[in-house]
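Listed below, chain by chain, are the residues.
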Amino acid sequence: MATLFMKAGTKIGSIAPNGYDKALSGAAGLLLVAVIVALARGHAQWSQVPAIIWAHLLTVLISLALTPWMLLRPRGTPTHRLLGKIWVLAMVATAALSLFVKTINPGHFSVIHLLSIFVLIMAPRVWLTARAHQVARHRATVRGLVTAALLIAGFFTLPPFRLLGGWLLG
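Source: prediction; values computed, not measured.

J.: Give a description of helix α2 (residues 51-72) that names residues and reports values.
T.: Between its first and last C-alpha atoms α2 spans 33 Å; for 22 residues at 1.5 Å apiece the expected length is 32 Å, and the two agree. The largest bend in α2 comes to about 30°, at Leu 66, with the proline Pro 68 one to four residues further on. Buried residues belonging to α2 abut α1 (19-41), α3 (78-98), α5 (135-155) and α6 (163-169).

J.: So what's going on with unusual backbone geometry? Residues and values would help.
T.: With phi around 60°, His 133 is a residue other than glycine that occupies positive phi space. Positionally, His 133 belongs in the loop between α4 (112-131) and α5. For His 133, a relative accessible area of 68% corresponds to the exposed category.

J.: Any details on the nonpolar core? Residues and values, ideally.
T.: By size, the foremost hydrophobic cluster in this structure holds 38 residues, and its most contacted members are Leu 64, Trp 87, Met 91, Val 119, Leu 145, Val 146 and Leu 164. Only α1, α2, α3, α4, α5 and α6 provide two or more residues apiece to this core. When residues in this core are grouped by element, the largest group, eight residues, is from α1. Once residues lying within four places of it in the same chain are set aside, the contact partners of Leu 145 are Trp 87, Met 91, Phe 118, Val 119, Met 122, Ala 123, Val 126 and Leu 150.

J.: Outline the packing of aromatic side chains, supporting the account with residue identities and numerical values.
T.: Following the criterion strictly, the structure yields two aromatic pairs and no others. Judged by centre distance (5.3 Å) and plane angle (75°), the ring pair of Phe 155 and Phe 156 falls under edge-to-face. Look at Phe 156 and you get partly exposed, because its relative accessible area is 46%. The positively charged end of Arg 73 is found above the aromatic ring belonging to Trp 69, 4.7 Å away from the centroid.

The rules behind the values
- Residues numbered from 1 in each chain as written.
- Predicted model: local features only at pLDDT ≥ 70, side-chain atom pairs only at ≥ 80, totals over all residues.
- Heavy atoms only, no water.
- Helix = DSSP H or I, 4+ residues; strand = E, 2+ residues; numbered from the N terminus.
- Expected span 1.5 Å × (residues − 1).
- Bend = angle between axes of the 7 residues up to and from the residue.
- Contact = heavy atoms within 4.5 Å.
- Buried < 20%, exposed > 50% of the residue type's maximum accessible area, 1.4 Å probe, protein only.
- Core = buried A, V, L, I, M, F, W, Y, C linked by side-chain atoms within 4.5 Å.
- Phe/Tyr/Trp six-rings, centres within 6.5 Å; stacked < 30°, edge-to-face > 60°.
- Lys NZ or Arg CZ within 6 Å of the ring centre and 35° of its normal.

Pasting the structure below:
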């Protein structure tokens, strides 16, 4: 959200990964492992999971898997640009699909859906700021999305009363 208030000419230092990028990458990697372990442990119940949740999980897995690569590898390369487009599309798909997942408040939206709206607004901004070579805004937007939409939202899927948390901890 800080990107909403940054001036267009804001400069950043090196585009090399810094400590925050490394922390986000590590956290995304740990969350990815937790989701994979939860999925493996819950295999006996897979048939009971609605297709919309499987689609949502698939797009989340793509985003989580790409995040460390995007944050730790060289930036501005053709590979970074291609994977960045895939990451943005996966984030948009994740957010759009989540609007149809209404398990917390059956049949209705919940507070977590506000995050989905945030992602639908901010994910295209990742791509637009990259295209405009607004490195500081691009970096801040990516970090905001990874922090809020992947890590914080991911953390809230792990309590034992949620699907993945139940499989992981149960």
